[in-house]
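Understanding the architecture of this molecule
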Amino acid sequence: MAKVCVIGAGFAGHTAALYLGDKLGRNHEITVINRGDNFVYIPSLVWVGIDRMDVEKTMFDLEGVYKKFNVNFIAGAATEVHPDGQYVVAMPNGATESVQVDYDYLLVATGPKLDFEATPGMGPKVGNTWSICTPPHALEARDQYLESVHRMLAGEKQRIVIGAGHGAATCQGAALEYITNVHKDLLRRGVRDKCDLTYLSNEPALGDFGIRGLSVPMKGKITSAEEFIGAVFKDYEIHSQIGRGVTSVDKNSINWEDMQGNSGDTGYDFSMLIPRFLGQPLKFVGADGEDVADKVINPVNKMVTVDGIYGLKYDELEKNPDAWPAVYQNPNYSNIFAAGIAFAPPGPISRPFINPNGVPMSPAPPRTGMVSGIIGRVVALNIVDLVQKGRMTHSERMTEMAAACIASMGDSMWDGAAAVIMVYPVVPDNRKYPNEQGRDQFVTHMEMGLAGAWMKRMIHTTFMHKLQGRIGWKIIPE
Ligand SMILES: Cc1cc2nc3c(=O)[nH]c(=O)nc-3n(C[C@H](O)[C@H](O)[C@H](O)COP(=O)(O)OP(=O)(O)OC[C@H]3O[C@@H](n4cnc5c(N)ncnc54)[C@H](O)[C@@H]3O)c2cc1C
């Protein structure tokens, strides 16, 4: 009987757990360890943050789902991995003693550590800026946002700044969705004229998203994401400050440096800034109790190293799509895999940039929910292969992966909208697509309209259905 342990039940780990349970659950031992009791559908936290969705609607209980799939569940934190002894130490929530979970195969799918500390003065703990990355954060952000709305209703002018709070932050799509939803919400509340809305980002250009931007044929001409998002911002009267690496935050101002090395600040009354992401802290302990972290994680970003080619210069990486991992397997411990934000990418997708004062202005590669789910499935199916056939038959590099992003720009079914962005492949492959983009110009697509708002709602419902392992879950793509 094989033992499989999955740490983390987000898009990557939970998707993997469903496939593992479905294929191996009856005859083998699958255990998931996750900090909380619930799966959280993070994309809908954007709507929680403007009080347009109850937080309960973004979650469901994991235990019940795992029972159906013959998967053991520990709600608690994994603290140590012993790669030589092949076990994980975890502290179940509310317990005083830790437990040991043995494994033959381990999947690390712990998502990001939200590294607010990298930007002094930033984040909900300090109380200067807010976040919508977790349910408690989104609730706090909502309350602060509503406080600003009250002030506007009382006639006061407010400045709202939303964006990325570090030169190396990623996930700009979430910030973009939040700011456009804030715009629509303020319109609905009749106070839009009382608010200055600013999008502040480390992207080298608007619409870069850490994936080197995109351009698509639209109405007979090639349109870049910069022009596309720029037109939306013009229409919504959202100011943008791009190419800014936030260095610190004070009570009333966000301090940054730009690409030329100039420093400046942006005043705010309410601000939601996405922090830099690091790998979650886990101890990796060898046979004699020694630290073996250097065999498992990248020392800089703390993410798990897998079968990518690391250390290439950007120009080399750009020319080598095979440098991106295919099976997400650690090179030193072949039974350890990583998926989602937990795996270390071989380098950036957008060209890295450091300003004359050494401040990085390089959005890190995003691994969105869809990408994380796909990788979770690939890893799970390979573990099934290894258990049943002794060899892996699945692989998918981010240079072969399509990703759809539906960025909500107002949730109303009547006057809402969404930008539907389809990118293929996520990481440009200039070898296969020798155009300026390195992407398939037929599949890569951008569209804006009310239909997108319907799709975004539908996706919430469809994914909550799929991820609860309900009927037909497997035919709904990640
Ligand atoms: C506001 C917002 C909106 C977004 N919108 C979209 C969108 O529209 N479309 C899209 O595709 N993507 C979107 N994303 C990105 C998407 O949410 C992430 O890419 C995705 O959640 C990453 O999945 P993951 O499984 O790697 O990590 P996570 O979803 O973060 O899951 C990791 C899990 O591991 C658990 N964990 C961590 N450490 C431990 C430990 N030591 N022990 C046990 N458990 C642990 C965590 O509690 C968590 O449950 C959005 C992100 C944000 C913040």
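Residues numbered from 1 in each chain as written. Predicted model: local features only at pLDDT ≥ 70, side-chain atom pairs only at ≥ 80, totals over all residues.

**Notes on the overall build of the chain**
Note the cut-off: Going along the chain from the N terminus, every DSSP run of H or I of four or more residues is numbered as a helix, and every run of E of two or more is numbered as a strand. This radius of gyration counts C-alpha atoms alone. The globule rule is 2.2 Å times how many residues there are, raised to the power 0.38. We call a residue exposed when 12 or fewer other C-beta atoms sit within 10 Å of its C-beta, buried when the count reaches 20 or more, and partly exposed for counts in between; the C-beta positions come from the backbone. Here, residues touch in the contact sense if the C-beta positions derived from the backbone fall within 7 Å of one another.
A tally of helices and strands in the chain yields 10 helices and 24 strands. Computed over the C-alpha atoms, the radius of gyration of the chain is 22 Å, within 12% of the 23 Å expected from 2.2 N^0.38 for a compact globule of 478 residues. For the chain, the spread of C-alpha atoms along the principal axes amounts to about 65 × 50 × 45 Å. Considering the chain as a whole, with its 478 residues, one finds that 52% of them fall into the buried category. Counting contacts in the chain only where the partners sit at least 6 residues apart, residues at least 24 apart contribute 68% of the total.

**Digging into the sheet that holds strand β11 (residues 195–201)**
What counts is decided by this rule: At least two DSSP bridges between two strands are needed for those strands to be called paired. Every axis corresponds to a line fitted to the C-alpha atoms, with the helix fit spanning only the stretch in contact, and the corresponding angles, defined between N-to-C directions, vary from 0 to 180 degrees.
In space, the 4 strands of this open sheet follow the order β14-β11-β10-β18, with parallel pairing throughout. Both outer strands of the open sheet, β14 (238–242) and β18 (270–274), are each paired with one neighbouring strand and no more. Between one strand axis and the next, the sheet turns by 15 degrees as a mean value, whatever way the strands run. Pairing between strand β10 (residues 158–164) and β11: 6 bridges, direction parallel. Each bridged residue has a counterpart across the sheet, and for Gly163 the counterpart in β11 is Leu200. Running at roughly 155 degrees to β10, helix α5 (residues 172–188) makes contact with β10, β11, β14 and β18 of the sheet.

**Regarding the nonpolar core**
Using the following cut-off: By definition, a nonpolar core groups buried Ala, Val, Leu, Ile, Met, Phe, Trp, Tyr and Cys residues that are joined through C-beta atoms within 7 Å.
Counting 143 residues, the largest nonpolar core has Ala16, Ala17, Leu20, Val88, Val304, Ala339 and Val379 as the members making the most contacts within it. If one sorts the elements of this core by residue count, helix α9 (residues 369–388) sits on top with 10 residues. Discounting residues that sit within four places of it in the chain, Ala17 has contacts with Val6, Ala9, Ile30, Val32, Tyr66 and Val71.

**Considerations on helix α4 (residues 135–153)**
To keep it simple, the criterion reads: For a helix, the expected span equals 1.5 Å multiplied by the number of residues minus one. When we speak of the arc, we mean the arc of directions from the helix axis to the C-beta atoms.
In a regular helix each residue adds 1.5 Å, so 19 residues correspond to 27 Å; α4 covers 26 Å between its end C-alpha atoms and thus fits that length. Turning to α4, its buried residues number three or more, namely Ala138, Ala141, Arg142, Tyr145, Ser148, Val149 and Met152. Viewed end-on, α4 has its buried residues packed into an arc of 125 degrees, placing them on one side of the element. Of the residues in α4, the exposed ones pointing more than 90 degrees away from the buried face are Pro136, Asp143, Glu147 and His150. The inward-facing, buried residues of α4 abut α2 (45–48), β10, β11 and β18. Looking one or two places after α4, you find Gly155, whose phi comes out positive at around 100 degrees.

**Description of the pairing of β10**
Just so we agree on the cut-off: By convention, orient the strands away from the viewer: a clockwise path from the first strand over the helix to the second makes the crossover right-handed.
For β10, the tally of buried residues reaches 6 of 7 residues, placing the bulk of the element in the interior. Regarding the hand of the β-α-β motif, the stretch spanning β10, α5 and β11 is right-handed. Here β10 pairs with β18 via 5 bridges, running parallel. Across the sheet, Gly163 pairs through a bridge with Leu273, a residue of β18.

**Some remarks on helix α1 (residues 11–24)**
Compared with an ideal rise of 1.5 Å per residue, which puts 14 residues at 20 Å, α1 spans 20 Å between its outermost C-alpha atoms and is within 8% of the ideal. Judged by how many residues are buried, α1 sits mostly within the fold: 12 of 14 residues are covered. Listed as buried for α1 are Phe11, Ala12, Gly13, His14, Thr15, Ala16, Ala17, Leu18, Tyr19, Leu20, Gly21 and Leu24.

**Here we look at the pairing of strand β16 (residues 253–258)**
The side chains of a regular strand alternate between both faces of the sheet. Judged from the 5 bridges that link them, strand β15 (residues 244–249) and β16 form a sheet pairing that is antiparallel. By the bridge assignment, Arg244 is partnered in β16 with Asp258. Connecting β15 to the next strand, β16, in antiparallel fashion are 3 residues. Of the pairings in the sheet, the one linking β16 to strand β17 (residues 263–267) comprises 5 bridges and is antiparallel in character. Bridging from a neighbouring strand, Asn255 pairs with Asp265 of β17. The antiparallel pairing of β16 with β17 creates a hairpin that spans 4 residues between the two strands, and Gly261 there sits at a positive phi of about 100 degrees.

**Some words on the sheet that holds β16**
Read across the open sheet, the 3 strands follow the order β15-β16-β17; overall the sheet is antiparallel. Only two strands of the sheet have a single partner each, and these edge strands are β15 and β17. Within this sheet the neighbouring strands show an average axis-to-axis angle of 35 degrees, counted without direction.

**With respect to the site of the ligand**
Put simply, the rule reads: Nearness between a residue and a molecule or strand is assessed with a C-beta atom placed from the backbone; a distance within 6 Å qualifies. Polar here means any residue other than Ala, Val, Leu, Ile, Met, Phe, Trp, Tyr, Cys and Pro, which are nonpolar, and Asp, Glu, Lys and Arg, which are charged; Gly is therefore polar.
Taken together, 36 residues lie near the ligand, and Gly8, Gly10, Gly111, Gly340 and Gly369 sit nearest. The class makeup of the residues in the shell around the ligand is 22 nonpolar, 12 polar and 2 charged.

Purely spatial values, then, with no claim about function.
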